[in-house]
Structure formats: structure tokens, C-alpha cells
There are 2 protein chains.
Amino acid sequence: MTIEDKRHLRSILTRQKLLEAAKEVFLQEGFQKATISQMIKKANIGYGTAYVHFEGKEDLLIVLMEDVMERFYEIAEISFLPKSKQEAEEIIYKQAHAFLTMAEAERAMMQVFEQAIGVSSFISDKWKAIREKFIQRISKDISFAQQNGLARAELNHKIVGRGWFFTNEMYLWEIVRNEHHASVEDVAKTITSVYTTGLYL
Amino acid sequence: MTIEDKRHLRSILTRQKLLEAAKEVFLQEGFQKATISQMIKKANIGYGTAYVHFEGKEDLLIVLMEDVMERFYEIAEISFLPKSKQEAEEIIYKQAHAFLTMAEAERAMMQVFEQAIGVSSFISDKWKAIREKFIQRISKDISFAQQNGLARAELNHKIVGRGWFFTNEMYLWEIVRNEHHASVEDVAKTITSVYTTGLYL
DNA sequence: TAATAATATTGACACGATGTCATATATAAA
DNA sequence: TTTATATATGACATCGTGTCAATATTATTA
């Protein structure tokens, strides 16, 4: 349709140049130190142009994070219908492992993201949505296991689910910061073992 | 000694006035929106004076947080020598409860602190020190329990300890943000139950 | 006591980042 | 070609920071 629209194409190109420049600057400087000036300079566009395409730094980062966030949602949506304690442990291990592996795979952008969470309530809300998605899923799974007599029914599934995700999340950030001293496998294996032994019958 | 030194007394008074004003501003505006200008205005002192007494916003907050941090260290130092699984659960519950109760008791300042952790690496390091103190203590306790045949020896005590603290810490921040929907007692009871069942024999 | 030294306070200033807006430029439509 | 519309631009106003030479206050010395 508007393939022939040079103006629109130019606009898209400008936007693209800015996004690429912004990514470079974010990775190099971190979220806080990154400035619009650095980005527009690197993209060879005018200062005001940045504000035509985005509302500011936060907006730019959110667009850059979108595919990473999408992958988190995919992990969160992994279905979970175990028939035994052992089967549960296997599935839970895989999910924890996949989750923590994301931290390693996307470390650079996640580092920027972590900084941004502390500064921008907009970005903080984005992460909160991911967190709630996971917790909702986990809690539902626990509930399912309880109904099937696999898990201790006396425990509040929401509280347990949050707690389990919290352990995973904090390990995620440690890995992102490169502050972990154990391998992703060992971490996933150990926390999963304590969790499933503590919850399942 | 220097009780007669009017200059020094005046200096201490100025510092005190600034600290009090800073606290008010921090609580009202949060860490990011709080400005030196607001503080010196409230304290009725000159702008440059603030920089004579403190290096900036971060420095001011750290001084204001010192007694709260001290109390965290006290909780972390609670000794832990259980003789049975049940005894362990009781002690661990108490510690978790005390930890989460701190969040409620110091909610206002902790909210400011949380924001500051995201922005200032200096303050972030302060919290990291508290975290490591807790984790070190917990890991040691696990190790002790393992040596006495109370806990599963095949688990890496450091990984388990970190994971356990992480659950507590995240619940702490939820409580600080007033985003929790379960009582401190229920949270402490539930996460302790899963943890001790998962770890102890 | 007066002069001098030491300490504490001050606000103007330079700097750097943000977001806006009137203007300029490039493209499309008439 | 002329007019209309979409994009791009950078100068500008605003705000917060941290510094520093100047000023005010208190102590010491002669």
C-alpha cells in the first residue's frame, strides 16, 4: 500500500537508525548514563527528532526490550500437568532452567533493564506484569497438583507460588549481574529439589 | 571538651536541621524526586551548606538509614542451633517473621530505600552487604544442620541458603510496597513450611 | 581590646540533561 | 507549478547538580 510513500519510508528509516543507536548507547552506558544526545549523534539525526518518534529514554528501551519480554511470556506459558512427584520435578526443573538461561542469553540487555526498573515506574510495571504472569501460572499449577493429591493441600498455593518465583527471579538477577558462582544447572537443580520436596507428597 | 565551642555546636545544629528536613522531603517525594533545594529550604539554610555536610542526596539517605540497617544486622545475627526438624522450623519461622515485620515497621523509609537502591550504586552496595550477611548466616546454619544429620546433605548449602533468603527478601519488598495480600504470619508460616520440609529430614 | 586566624555559611555560577516548539525541509496532492 | 501535508531540526526555557570565591561568625593571639 504505502510502499511508494517515500516520506513514510524515510520516517521508518529514521526510527530504525535511532533504535539501533539507542541500543548501542544503552549497552555501552547503561540506562541512567545514556542520554538522548548520545543517541541522536550516533544516529545522525536532529535532537528533536528523537521526541517525534519516542517519548523519551524509557519509551525507547521498552521497544528494544519487547522481543525479550515476549520470550519470557513464552516460558511462562509452558503447560504443566504432571502425574507424579518425579514428573513434576522434571518439568519444574526444565522451566527454572529455561528461565535462568534467559538471563545468560540476554545478559547485556537485561542489565540495562534492571537499572531501568529501578528508575522508571513505567518499565517497572512491565516487569511486574511478567512476574504476575509467572506467579499466576505457577499458582495454578500448584492448585492442580493439590487437587490431584500430589501436593500438600494445607499450603496456600498463592503464597507458595510467589515464594518459588521469587527465588527464581533473584537468581535471575544475580546471573544477569554476573554475580553468581554456581552454574545455572546446579542452581536450577538445587532450588527445584528443595521446592518439590517441600511441596509435593 | 568542645561543649563550649559555639562554632562546632552551630555546625552540628545545621547538620541536624538538614537531616530532619531531608527525611521529611524523602518521605514526601521519594528518593528520585527529592531535591537538595527542597531540603535546604525546609531547613532554612543555604544551598552550598548542604554540600559542606554531605556529599549529596545519597549520602544523606545513608545516614538516615543507618539505624534501620543496624536492626537488620541484629536480626541476621540471631543464633541458630536446632536439635530437631521441628525446632529448626520454629526458629526459622521466628527469624522470617522478624524479618518481614521490619518491612511493616519501617515501611516509609524502606520505600525510599528501595527506590534509592535502583538509582545509587553506593546504596545498592549497602543493601547487598546486608543480604550477604544474611545469606552467610543462613548457609552456615544449613551446613550445621547437615553435619548433624538434620538436613539433606546432598544439597549445596550456599545455593539453598541464597534461594531461601531470596524468597524472604522479595516478600519483604512486597510488604514495603503494600502489595501483599496475605498477612506476615501466613507468609512466614507458609514459606517456612515449604523450606523446612524441603531441606530437613 | 584589637587584630588576626580559623571555621562555617552562602548563593551565584557553570554545566549538563530534558522536553517543547516555531521553523525549515522533503514529499505528495491538486 | 502551486498548495498541502508529513518529517526533521536545533535553539530555547527549565530544572537539578556540585563548586567556589566571598562573607559572616567565632576563637585565638598579642
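Here, the structure is the one placed above.
The structure displayed is predicted, hence computed values, not measured ones.

1. Quick notes on the overall build of chain A
Now for step 1: On a plain count of helices and strands, chain A comes out with nine helices and zero strands.
Now for step 2: Overall, chain A shows an N-to-C arrangement of helices and strands of α-α-α-α-α-α-α-α-α.
Now for step 3: At 21 Å, chain A has a C-alpha radius of gyration far larger than the 17 Å of a compact globule built from 201 residues.
Now for step 4: The C-alpha extent of chain A, read off along each of the three principal axes, is 65 × 45 × 25 Å.
Now for step 5: If you take every contact in chain A between residues at least 6 apart in sequence, the share linking residues at least 24 apart comes to 74%.
Now for step 6: On chain A, roughly 10100 Å² of surface is accessible, and the fraction owed to carbon and sulfur atoms is 51%.
Now for step 7: Here chain A contributes 26 positive and 28 negative side-chain charges, whose respective centroids are spaced 3 Å apart.

2. Side note on the packing of aromatic side chains
Now for step 1: For the structure shown, the criterion picks out 22 aromatic pairs over all chains.
Now for step 2: Here the aromatic rings of A:Phe72 and A:Phe99 are separated by 5.7 Å at their centres, their planes lie at 65 degrees, and the arrangement is edge-to-face. Of the two residues, A:Phe72 sits in helix 4 (residues 57-76) while A:Phe99 sits in helix 5 (residues 85-105), which places them 27 residues apart along the sequence.
Now for step 3: Residue classification places A:Phe99 among the buried residues on the basis of a relative accessible area of 3%.
Now for step 4: Arranged with centres 5.7 Å apart and planes meeting at 40 degrees, the rings of B:Tyr47 and B:Tyr51 form a pair that is tilted. Residue B:Tyr47 and its partner B:Tyr51 are both found in helix 3 (residues 47-53); the two are separated by four residues, about one turn of the helix.
Now for step 5: Chaining the aromatic ring pairs together yields one cluster made of A:Phe72, A:Phe99, A:Phe113, A:Trp127, A:Phe134, A:Phe165 and A:Trp173.
Now for step 6: Across the ring face of A:Phe31, the terminal group of A:Lys57 is positioned such that the distance to the ring centre comes to 4.7 Å.

3. Observations regarding the relation of the copies chain A and chain B
Now for step 1: Note on the identical chains: chain A maps onto chain B by a rotation of 180 degrees and an axial translation of 0.0 Å, with an RMSD of 0.1 Å. Classification of the inter-copy transformation places it as that of a two-fold axis.
Now for step 2: Both copies present the same face, since 100% of the interface residues in chain A are matched by interface residues at the equivalent positions in chain B.

Rules of the game
Residues numbered from 1 in each chain as written. Chains lettered and ligands numbered in written order. Predicted model: local features only at pLDDT ≥ 70, side-chain atom pairs only at ≥ 80, totals over all residues. Heavy atoms only, no water. Helix = DSSP H or I, 4+ residues; strand = E, 2+ residues; numbered from the N terminus. Rg over C-alpha atoms; globule rule 2.2 N^0.38 Å. Contact = heavy atoms within 4.5 Å. Areas by Shrake-Rupley, 256 points an atom, 1.4 Å probe, with all protein chains shown as cover. Lys, Arg positive; Asp, Glu negative; His and termini not counted. Charge placed at Lys NZ, Arg CZ, Asp CG, Glu CD. Phe/Tyr/Trp six-rings, centres within 6.5 Å; stacked < 30°, edge-to-face > 60°. Buried < 20%, exposed > 50% of the residue type's maximum accessible area, 1.4 Å probe, protein only. Lys NZ or Arg CZ within 6 Å of the ring centre and 35° of its normal. Least-squares fit on C-alpha atoms with pLDDT ≥ 70 in both.

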